[in-house]
Amino acid sequence: MKTALTIIFIIVCIALIFLILSQEGKDNNISNTLSGSTDSYWSKNKGRSRDAVLAKITAVLVVLFFILAIVISSKWV
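**Structural notes on helix 4 (residues 50-73)**
Along an α-helix, a turn takes 3.6 residues, which lines up residues three or four apart on a common side. With 24 residues, helix 4 should cover 34 Å at 1.5 Å per step; its first-to-last C-alpha distance of 34 Å lies within 8% of that length. Taken residue by residue, helix 4 has Ala52, Leu54, Thr58, Leu61, Leu68 and Ile72 as its buried positions. On its buried side, helix 4 packs onto helix 1 (2-22).

In structure tokens:
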């Protein structure tokens, strides 16, 4: 059981690394922010963009990461 959880933990870690590195930075459109033209198609549809989906998947994997870390380190397994 502990071996299976450890393998799942490693897979989650690798997926988290990949997802975090594939996300764009927050200061990507600093020129738009300074000029005041932040009303674009992507800002209106922020929940459906690629970055929003990646952020949601990352949040789920982070929660799974912490749960697996607690379970593996506990005496339950």
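**Section: the nonpolar core**
Listed in full, the 9 residues of the largest apolar core are Leu5, Phe9, Val12, Leu16, Leu19, Leu54, Leu61, Leu68 and Ile72. Looking at this core, the elements that each hand over two or more residues are helix 1 and helix 4. Ranked by residues supplied to this core, first place goes to helix 1 with 5 residues. Setting aside residues no more than four positions away along its own chain, Leu5 makes contact with Leu68, Val71, Ile72 and Val77.

**Points about a nonpolar patch on the surface**
A cluster of nonpolar side chains, contributed by Met1, Trp76 and Val77, occupies part of the molecular surface with about 430 Å² of accessible area. Structurally, the position occupied by Trp76 is in the segment after helix 4.

Basis of the calculations
Residues numbered from 1 in each chain as written. Predicted model: local features only at pLDDT ≥ 70, side-chain atom pairs only at ≥ 80, totals over all residues. Heavy atoms only, no water. Helix = DSSP H or I, 4+ residues; strand = E, 2+ residues; numbered from the N terminus. Expected span 1.5 Å × (residues − 1). Buried < 20%, exposed > 50% of the residue type's maximum accessible area, 1.4 Å probe, protein only. Contact = heavy atoms within 4.5 Å. Core = buried A, V, L, I, M, F, W, Y, C linked by side-chain atoms within 4.5 Å. Patch = residues over 30% accessible without salt bridge, like charges linked within 9 Å, V, L, I, M, F, W, Y side chains within 5 Å. Areas by Shrake-Rupley, 256 points an atom, 1.4 Å probe, with all protein chains shown as cover. Salt bridge = Lys/Arg side-chain N within 4 Å of Asp/Glu carboxyl O.

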